[in-house]
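Each chain, written out:
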Amino acid sequence: MSTFDARAKEWDKKDIRVNGAKVIADAIQKQVALTSDMEIIDFGVGTGLLGFEIAKKVKQVYGVDTSAGMIATLKEKNSDELSIIPIHQDIIEKPLTQKFDGLVSSMTLHHVKNLELFFKTIFATLKEKAFIAIADLESEDGTFHSDNTGVHHFGFNEEKLTQIVQKSGFCDVKIENINTIHKPHGNFGIFLLTARKQ
């Protein structure tokens, strides 16, 4: 059982996560015109905190996660009025064959070991003119998490990340600070990266 499997049932009980996802959803909607005909991937969907906000605006959200526990909790939250199609799969090792209009992601990128492979794989999974909107940590000292198991990056340097995204084929790359998470031992900036496939 992964750390995320064990924490899935309690995940939504922390206000910092719930409120953070709403801030990210609002920031995405300011940068990207979400429409009712779009099919979107939520990469690292977790319990759907971001995905359900996005699902209100688009045709369908497909929630991808490698944690069975998170996917199980997500399924419990689905309703007839609002639902996310769950996909329990590592889409970097086994890419999806369906093409999508965009990808959103919240606080998952720092768990991805090979960024170059991730962005190249995502690029191939998206339709022409599709977007990515990825929120994650600005560079930090490794103290954001109390346990760094599965954490491959202590936040991200804007310039280096921009170069990786551009080399993968994306254009119109933009990174902006959208939030600050306050913890007793420090403040941690959250950015939103947006880009498009030509």
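Just so it is clear, the model here is predicted, and its values are computed rather than measured. (Residues numbered from 1 in each chain as written. Predicted model: local features only at pLDDT ≥ 70, side-chain atom pairs only at ≥ 80, totals over all residues. Heavy atoms only, no water.)

## So, the pattern of salt bridges
In this structure the tally under the stated criterion is two salt bridges. Among the salt bridges present, the one from Lys56 reaches Glu53, with a minimum N-O distance of 3.3 Å. Overall, Lys56 belongs to the exposed group, its relative accessible area being 53%. One salt bridge in this structure joins Lys127 and Asp101, with 3.3 Å as the shortest N-O distance. Residue Lys127 is found in strand 5 (residues 126-137), and its partner Asp101 is found in strand 4 (residues 100-106); the two are separated by 26 residues along the sequence. (Salt bridge = Lys/Arg side-chain N within 4 Å of Asp/Glu carboxyl O. Buried < 20%, exposed > 50% of the residue type's maximum accessible area, 1.4 Å probe, protein only. Helix = DSSP H or I, 4+ residues; strand = E, 2+ residues; numbered from the N terminus.)

## Things to note about the packing of aromatic side chains
On inspection of all chains with the given rule, the structure shows six aromatic pairs. For the pair Phe123 and Phe170, a centre-to-centre distance of 5.1 Å together with 85 degrees between the ring planes defines the contact as edge-to-face. Placement of Phe123 in helix 5 (residues 115-125) and of Phe170 in strand 6 (residues 170-183) is noted, with a sequence separation of 47 residues between them. For Phe170, a relative accessible area of 3% puts it in the buried group. The interplanar angle of 75 degrees and the centroid separation of 5.2 Å between the aromatic rings of Phe144 and Phe188 together place this pair among those described as edge-to-face. One end of the pair, Phe144, is in the loop between strand 5 and helix 6 (158-167); the other, Phe188, is in strand 7 (residues 186-197), and 44 residues separate them in sequence. The exposure class assigned to Phe144 is buried, which follows from its relative accessible area of 10%. Given the relative accessible area of 6%, Phe188 is considered buried. Three or more aromatic residues joined by ring pairs form one cluster here, namely Phe43, Phe118 and Phe119. (Phe/Tyr/Trp six-rings, centres within 6.5 Å; stacked < 30°, edge-to-face > 60°.)

## Some remarks on the pairing of strand 1 (residues 39-43)
Among the five residues of strand 1, five are classified as buried, and the element is accordingly described as predominantly covered. Of the two faces of strand 1, the one carrying Glu39, Ile41 and Phe43 and the one carrying Ile40 and Asp42 are both buried. Pairing between strand 1 and strand 2 (residues 60-65): five bridges, direction parallel. Each bridged residue has a counterpart across the sheet, and for Asp42 the counterpart in strand 2 is Gly63. Examined bridge by bridge, strand 1 and strand 4 share four bridges and lie parallel to one another. Bridge pairing in strand 4 links Phe43 to Ser105. (Pairing = 2+ DSSP bridges.)

## Section: the nonpolar core
In terms of nonpolar packing, the biggest core is built from 30 residues, with Ile28, Ile54, Val104 and Phe131 touching the most fellow members. Listing elements by their share of this core, those giving two or more residues are helix 2 (15-31), helix 3 (51-55), helix 4 (68-77), strand 5, strand 6 and strand 7. Of all hydrophobic cores here, the second largest spans 29 residues; its members include Tyr62, Phe100, Val112 and Leu193. (Core = buried A, V, L, I, M, F, W, Y, C linked by side-chain atoms within 4.5 Å.)

## Thoughts on the side chain of Thr162
With respect to the helices and strands, Thr162 occurs in helix 6. The contacts of Thr162, once residues within four sequence positions are left out, are Val173 and Ile175. (Contact = heavy atoms within 4.5 Å.)

## Quick word on the sheet that holds strand 4
Taking strand neighbours across the sheet as the criterion, the seven strands line up as 3-2-1-4-5-7-6 in an open arrangement whose pairing is mixed. Single-partner strands in this sheet number two, and they are strand 3 (84-88) and strand 6. Direction aside, neighbouring strands of the sheet carry axes that sit 15 degrees apart on average. Sheet analysis places strand 5 next to strand 7, joined by seven bridges and oriented antiparallel. In the sheet register, Ala135 faces strand 7, and the bridge partner there is Leu192. Those strands touched by helix 4 are strand 2 and strand 3, and its axis lies near 160 degrees from that of strand 3. In the packing of helix 5 onto the sheet, contacts are made with strand 1, strand 4, strand 5, strand 6 and strand 7, and the angle to strand 5 comes to roughly 145 degrees. (Axes fitted to C-alpha atoms, helices over the stretch in contact; angles between N-to-C directions.)

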